[in-house]
Amino acid sequence: MTETTEPTDDEQLESEEAQSVQDNPKNLHGCPFTESHGQTVLHSQGDEYYALIETLKDEGYEVCVDLCGADYMGNDSRILPSTVSPERFELVVNLLDVEAARRVRIRVQISETSPHIASISDIHPGAEAMEREATDMFGLQFEGHPDPTPILLPDGWEGHPLRKDFSMGRIPVQFKAVDGR
Amino acid sequence: MTKLDHLRNRDAVLRMSETEAEERAAVVDPDDERMIINMGPQHPSTHGVLRVTMELQGETVLRSKPVIGYLHTGMEKTAEDLTYLQGPTNVTRMDYAAPLFTELTFSLAVESLLEVEIPDRATWIRMLMCELNRMSSHLLFLATNGMDLGAVGMMIYGWREREEVLRFFEKVTGLRMNHNYIRPGGVAADLPDGWREDIRSILHVLPERLEQFDVLMTGQPIWRERTQGIGVITTEEALALGATGPILRSTGYAWDLRRSMPYLAYDQVEFDIVVGTYGDTFDRYAIRLNEIRESMRIVEQCIELMPDGPYRTEDRKVTPPPRARIDESMEALIHHFKIFTEGFKVPPGETYTAVESPRGELGCYLVSDGGPKPQRMHIRAPSFVNLQTLPHMMHGGLLADAIAVISSIDPIMGEVDR
């Protein structure tokens, strides 16, 4: 599928294409898609996400290479197709087709008020640990996850460290004169 | 999809929180033949601080769960507070046995967002250093793998050979580990004088030493008995669990990013991908041993084909002006100062780059908001994902073999926990 939709090498054309994608997004598997540095990115809505991953698996993307969250609080520089309404959180899933040696990335918008999304761990068992990590770090809740326990954080930890409003917890260092000088 | 049902239904994974596992471990129920034990986090064979919660029936492992996070220091959060030039100092501490690969994948991601081309020499230096690092990482594996299985002599030999490579790294980068050598825009410094001779002397001693390892381990009946047929995993399972690197290749599936999706100049060198047949612990050991030989082939070609030229990009956006210019130009001084204090700005966007580390696909997902620091930096750590295969490999095996299986996954806990 990337073959038919790839923009030409000409940079001028590429940027025009990016602009036109933004204005009237093309669809792929029913999802608006963009190109980012030569990589195919699909933008999915929360309710279509599970079905999309299933479709892509049938298409040959059988390895879930990576799954992580991202917090866009205070970032207005994000370029999204016009049909996608930006939300605070994004779930980013990287799928790999090992037969055809191609990748696809799916960005799902997740709202701050209800950070719930279907778990894909029954399609890709390998996503299990990564979803647990996203829960730890961003507080995304994966529905249908078989083991939603903390993975990197200790049990009972409060807060989600990779959220932008989670402070670094840095203690200011006070430089004092050394005694006796 | 049906072929994967057994992955979910076999019940190899112990789904239980840390706290619950601890409580269950303390209770002894005489009627229940199963018991929960915690191995680690301080067990020497767990390569750092990996804790495995296992459900045992006698000596047989039923279900298990790796409990991780003991080394979690929030490095992805730290990365959001460091400039792109400071970034490699942070990521290099993730996989401390193969630090150059994390630096590489991070630098490739930054360069992809910046859309800067790096000079040929930088590419080849990166490739040379990474292959040497693959050798040192696999030598470390041979040392720890041997020690875990009772070939204690390997502990000394593996570390000794690894030290040869690290000595060269020290000469090039100034440090044995955590080099901060590969940086956005190229590498930190050119190769030192006499680097060819230094590498040739490593390449001269290693083949003979590797043959000694073959005598000590590969052909040895005790070694084979302890590793063959232990911790078997199939290609379907490995792919479904996202396992890459030697674990996937041990099942006979020749997937190596250097060949399948070439980066740097891997399409210009000759090497073979080493694959196994049975997906067992022995295959994973043999793959790593032979990958050292393949890496040596690549290193030899790097010595031959190393082009001349600058070792970092001439793009003034990321590279400070030359030292001589700073003495005569105020603007150059300001430019230099700006790059190292404020950092260079990276255009908004997001990208994912992946390289083949000694442990599998090492990826970097980078989001920039247009400022000098990343908005989000995520490292796809191969050890973290590969560790998910552990319960499936150990299921139904003996407790004593669990050590062999953990060792054969070769997890680096710094990378798992980040």
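Residues numbered from 1 in each chain as written. Chains lettered and ligands numbered in written order. Predicted model: local features only at pLDDT ≥ 70, side-chain atom pairs only at ≥ 80, totals over all residues.

Undergrad: I keep staring at the overall build of chain B and nothing clicks. Help me out?
TA: In terms of helices and strands, chain B carries 19 helices and eight strands. A globule of 418 residues ought to have a C-alpha radius of gyration of about 22 Å, and chain B, at 23 Å, matches this closely. Across the 418 residues of chain B, 51% fall into the buried class. By sequence separation, contacts in chain B at least 24 residues apart represent 69% of the contacts at least 6 residues apart. (Helix = DSSP H or I, 4+ residues; strand = E, 2+ residues; numbered from the N terminus. Rg over C-alpha atoms; globule rule 2.2 N^0.38 Å. Buried ≥ 20, exposed ≤ 12 C-beta atoms within 10 Å, placed from the backbone. Contact = placed C-beta atoms within 7 Å.)

Undergrad: What should I look at first to understand the sheet that holds strand β7 (residues 360–368) of chain B in this one?
TA: Sheet strands pair via backbone hydrogen bonds, and the direction of the pair is either parallel or antiparallel. Residues and elements named next belong to chain B. In space, the three strands of this open sheet follow the order β6-β7-β8, with antiparallel pairing throughout. Two strands in the sheet have a free side with no partner beyond their single neighbour: β6 (349–357) and β8 (376–380). Going across the sheet, the axis of each strand differs from the next one's by a mean of 10°, ignoring polarity. The pairing of β7 with β8 spans five bridges and is classified as antiparallel. Across the sheet, residue Cys364 finds its bridge partner in β8, namely Ile379. Of the strands in this sheet, β6, β7 and β8 touch helix α5 (residues 99–114), which is tilted by about 150° from β6. (Pairing = 2+ DSSP bridges. Axes fitted to C-alpha atoms, helices over the stretch in contact; angles between N-to-C directions.)

Undergrad: Is there a simple way to think about the interface of chain A and chain B in this case?
TA: The parts lose accessible area when they come together, and the size of an interface is often stated as this lost area. Across the contact, 34 residues belong to chain A and 41 residues belong to chain B. Listing elements by their share of the side of chain A that touches chain B, those giving two or more residues are β4 (63–71), β5 (89–97) and α4 (127–138) of chain A. With six residues, the single largest contributor to the side of chain A that touches chain B is β4 of chain A. In the side of chain A that touches chain B, the residues fall into 18 nonpolar, nine polar and seven charged. (Nonpolar A, V, L, I, M, F, W, Y, C, P; charged D, E, K, R; others polar.)

Undergrad: How should helix α8 (residues 195–218) of chain B be read in this particular structure?
TA: Because an α-helix packs 3.6 residues into every turn, residues spaced three or four apart end up facing the same way. Residue and element names in this part refer to chain B. The first and last C-alpha atoms of α8 sit 32 Å apart over 24 residues, in line with the 34 Å expected at 1.5 Å per residue. The largest bend in α8 amounts to roughly 30° and is located at Leu206, with the proline Pro207 lying one to four residues further along. Among the residues of α8, those classed as buried are Ile199, Leu206, Phe213 and Met217. (Expected span 1.5 Å × (residues − 1). Bend = angle between axes of the 7 residues up to and from the residue.)

Undergrad: When you look at the nonpolar core in this model, what are you seeing that I'm missing?
TA: Nonpolar side chains tend toward joint burial in soluble globular proteins. Leu95 of chain A together with Val405 of chain B are the most contacted members of the largest nonpolar core, which has 145 residues in total. Here this core takes 14 residues from helix α6 (residues 120–148) of chain B, the largest share from any one element. For Val405 of chain B, the contacting residues outside a window of four places in its chain are Ile230, Gly231, Thr281, Leu390, Met393 and Met394 of chain B. (Core = buried A, V, L, I, M, F, W, Y, C linked by C-beta atoms within 7 Å.)

Undergrad: What should I look at first to understand the environment of Arg176 of chain B in this one?
TA: All names here are of chain B. Of note, Arg176 is situated in the loop between α7 (152–173) and β4 (182–183). We classify Arg176 as partly exposed; it has 16 C-beta atoms within 10 Å. Separated by 10 residues in sequence, Arg176 and Leu166 place their C-alpha atoms 5.2 Å apart. Aside from chain neighbours lying at most four places away, what touches Arg176 is Leu166, Phe169 and Glu170.

Undergrad: Any chance you could explain the sheet that holds strand β3 (residues 60–67) of chain B here in plain terms?
TA: All names here are of chain B. Taken together, three strands build an open sheet; the order of strands is β1-β2-β3 and the sheet is antiparallel. Of all the strands in the sheet, the pair left with one neighbour each is β1 (34–39) and β3. Across the sheet, the axes of successive neighbouring strands diverge by a mean angle of 20°, strand direction being ignored. The pairing of β1 with strand β2 (residues 51–57) spans six bridges and is classified as antiparallel. Looking at β2, one finds that Ile37 is bridged to Met54. Packed onto the sheet, helix α2 (residues 18–26) meets β1, β2 and β3 and runs at close to 120° relative to β1.

Undergrad: Explanation requested: the packing of helix α13 (residues 281–305) of chain B against helix α18 (residues 399–409) of chain B in the structure shown.
TA: Packed helix pairs are specified by the crossing angle of their axes together with the interaxial distance, meaning the distance between the axes. All names here are of chain B. At a minimum axis distance of 9 Å, the contact between α13 and α18 shows a crossing angle of 35°. When the axes of α13 and α18 are compared, the crossing they make is left-handed. Of the residues in α18, those touching α13 at Thr281, Arg284 and Tyr285 are Ala404, Val405 and Ser408. Considered class by class, the residues forming the contact of α13 with α18 number three nonpolar, two polar and one charged. (Left-handed = near helix turned anticlockwise from the far one by under 90°.)

Undergrad: Sorry if this is basic, but what is going on with unusual backbone geometry here?
TA: Phi is mostly negative for residues that are not glycine, and the peptide bonds are mostly trans. Not every positive phi belongs to a glycine, and Ala101 of chain A is a case in point at roughly 50°. One non-glycine residue, Asn180 of chain B, adopts positive backbone phi at about 50°. For Asn180 of chain B, the position within the fold is in the loop between α7 and β4.

Undergrad: Would you mind showing me how to read α5 of chain B here?
TA: Residues and elements named next belong to chain B. With 16 residues, α5 should cover 22 Å at 1.5 Å per step; its first-to-last C-alpha distance of 23 Å lies within 8% of that length. Extensive coverage of α5 is indicated by the burial of 16 of its 16 residues. Just past α5, the residue Glu115 takes up positive phi, approximately 55°.

Undergrad: Whenever I open this one, the pairing of strand β2 (residues 31–36) of chain A confuses me. Can you help?
TA: In summary, the side chains of a regular strand alternate between the two faces of the sheet. All names here are of chain A. As paired strands, β2 and strand β3 (residues 39–44) are joined by four bridges and run antiparallel to one another. Bridge pairing in β3 links Thr34 to Val41. Counted along the chain from β2 to the antiparallel partner β3, the turn is two residues long, and its residue His37 has a positive phi close to 50°.

Undergrad: I tried to follow the packing of α6 of chain B against α13 of chain B on my own but got confused; where do I start?
TA: Residues and elements named next belong to chain B. It is the contact of α6 with α13, at a shortest axis distance of 9 Å, that shows an interaxial angle of 155°. The pairing of α6 with α13 is recorded here as roughly antiparallel in orientation. Relative to α13, α6 is oriented so that their crossing is left-handed. Listed contacts from α13 to Trp124, Met127, Leu128, Glu131, Leu132, Arg134, Met135, His138, Leu139, Phe141, Leu142 and Asn145 of α6 are Tyr285, Arg288, Leu289, Glu291, Ile292, Ser295, Met296, Ile298, Val299, Cys302 and Leu305. By residue class, the composition of the contact of α6 with α13 is 16 nonpolar, three polar and four charged. (Parallel < 35°, antiparallel > 145°, perpendicular 65-115°, else oblique.)

Undergrad: What am I meant to see in the confidence of the model for chain A here?
TA: It should be kept in mind that the predicted coordinates are not to be read in detail where pLDDT is low. Residues of chain A with pLDDT of at least 70 account for 76%, and the chain-wide mean is 78. Taken as a whole, residues 1–25 of chain A scores under 50 in pLDDT and shows 23 contacts with residues more than four places along the chain or in a different chain. (pLDDT = per-residue confidence, 0-100.)

Undergrad: Would you mind showing me how to read the confidence of the model for chain B here?
TA: Per-residue confidence for chain B gives a mean pLDDT of 87; residues scoring 70 or more make up 96%. Across the whole predicted complex the pTM is 0.87, and at the interface the ipTM reaches 0.84.

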